[in-house]
Amino acid sequence: MIGERVTMEERNVEAKGAARTADGLNAPGAGAVIRCAWAGSDPLYQEYHDREWGVPVHDDRALFEFLTLEGAQAGLSWITILRKREAYRAAFAGFDPEVVARFDENDVAKLLGNPGIVRNRLKVESTITNARAFLKVQEEFGSFATYQWDFVDGRQVRNAWSSIRDVPASTPQSDALSRDLKRRGFRFVGTTICYAHMQAVGMVNDHTVDCFRWRELREEES
């Protein structure tokens, strides 16, 4: 989310953070719970922030889902993709890479006519290409999770940012992951997309230190 996804509107949210918390808009329930500024006041965004973003994921199907959604998000806002998430799950067989890898031109045509997803041919075709590359990684490493988590030595990187402005758009680890994924035939896996993916699946904890999830995740991973 942080990096490519942070729009000017989301950056403006940070400046309004204190007022939002006081109003209870950036808090679940009545408590003045502080979230990362980008979570805003949209309930869907807040739920994603509270329950998923930064939680370590080791399930291959879930990793394929996040990788696909990150690619779909390129050039768009993340909330747009979140709102289309269920449609993506239905369109891409619950993100089962074995099924998606068998999609053909007829499937592509159906997907391009599906109003529930981003109807961009390059993005649709890249999902199928990536599914095939994903299966090859699984065959080589036993699981995609084993492969991917090796880029952070198998353990979550714990950062301590005071502001979303401090969070990088990419890191040497995301550079390395991007290069290797491209070498293996993956598409829509630039370093910024890869870092957003790493943040989402908990390879890094990039919640800001004032966010209630920053401490929770650190305790969960201790």
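All values reported here derive from a predicted model rather than from experimental measurement. (Residues numbered from 1 in each chain as written. Predicted model: local features only at pLDDT ≥ 70, side-chain atom pairs only at ≥ 80, totals over all residues. Heavy atoms only, no water.)

## Brief notes about the overall build of the protein chain
Logical step 1: Of regular secondary structure, the protein chain possesses 13 helices and 2 strands.
Logical step 2: Among the 222 residues that make up the protein chain, the fraction classed as buried is 50%.
Logical step 3: Put simply, of all contacts in the protein chain between residues at least 6 apart along the chain, 67% involve residues at least 24 apart.
Logical step 4: Only carbon and sulfur atoms are counted for the fraction: they give 49% of the accessible area of the protein chain, which is about 10100 Å². (Helix = DSSP H or I, 4+ residues; strand = E, 2+ residues; numbered from the N terminus. Buried < 20%, exposed > 50% of the residue type's maximum accessible area, 1.4 Å probe, protein only. Contact = heavy atoms within 4.5 Å. Areas by Shrake-Rupley, 256 points an atom, 1.4 Å probe, with all protein chains shown as cover.)

## Observations regarding helix H9 (residues 121–141)
Logical step 1: Between the first and last C-alpha of H9 there are 30 Å, a value that for 21 residues agrees with the 30 Å anticipated at 1.5 Å per step.
Logical step 2: When H9 is considered as a whole, its buried residues turn out to be Lys123, Val124, Ser126, Thr127, Ile128, Asn130, Ala131, Ala133, Phe134 and Val137.
Logical step 3: Contacts made by the buried residues of H9 are with helix H4 (60–73), helix H7 (97–100), helix H8 (105–112) and helix H10 (144–149).
Logical step 4: For H9, the N-terminal cap is asparagine 120; the gap from its side-chain oxygen to the backbone nitrogen of leucine 122 is 3.0 Å.
Logical step 5: Directly beyond the C-terminal end of H9, a positive phi value near 95 degrees is found at glycine 142. (Expected span 1.5 Å × (residues − 1). Polar contact = N/O pair within 3.5 Å; in protein donor to acceptor, adjacent residues only side chain to side chain.)

## Some thoughts on the nonpolar core
Within soluble globular proteins, side chains that are nonpolar tend to cluster in buried spots.
Logical step 1: Among the nonpolar cores identified, the biggest contains 54 residues, and Trp38, Tyr48, Tyr88, Phe92, Phe144, Leu181 and Phe186 are the most heavily contacted of them.
Logical step 2: Sort the elements by how many residues they give to this core and H4 lands first, with 7 residues. (Core = buried A, V, L, I, M, F, W, Y, C linked by side-chain atoms within 4.5 Å.)

## So, the pattern of salt bridges
Logical step 1: Evaluated as defined, the whole model comprises 15 salt bridges.
Logical step 2: Close ionic contact of glutamate 65 with arginine 85 constitutes a salt bridge, the shortest N to O distance being 2.8 Å. Linking glutamate 65 in helix H4 with arginine 85 in helix H6 (residues 85–91), this pair joins segments that are 20 residues apart in sequence.
Logical step 3: Here arginine 183 makes a salt bridge to aspartate 180, at a shortest N to O gap of 2.8 Å. Pair noted here: arginine 183 and aspartate 180 are both in helix H11 (residues 172–183), with a separation of 3 residues, about one helical turn.
Logical step 4: Each of the salt bridges in this network shares a partner with another, and the network as a whole consists of Glu52, Glu65, Arg85, Glu86 and Arg89. (Salt bridge = Lys/Arg side-chain N within 4 Å of Asp/Glu carboxyl O.)

## So, the side chain of glutamine 156
Logical step 1: Looking at the element boundaries, glutamine 156 is found in the loop between H10 and strand S1 (157–158).
Logical step 2: A distance of 3.0 Å separates the side chain of glutamine 156 from the backbone oxygen of glycine 202, its partner in a polar contact.
Logical step 3: Excluding residues within four positions of it along the chain, glutamine 156 makes contact with Gly54, Pro56, Trp149, Gly202, Met203, Val204, Asn205, Leu217 and Glu221.

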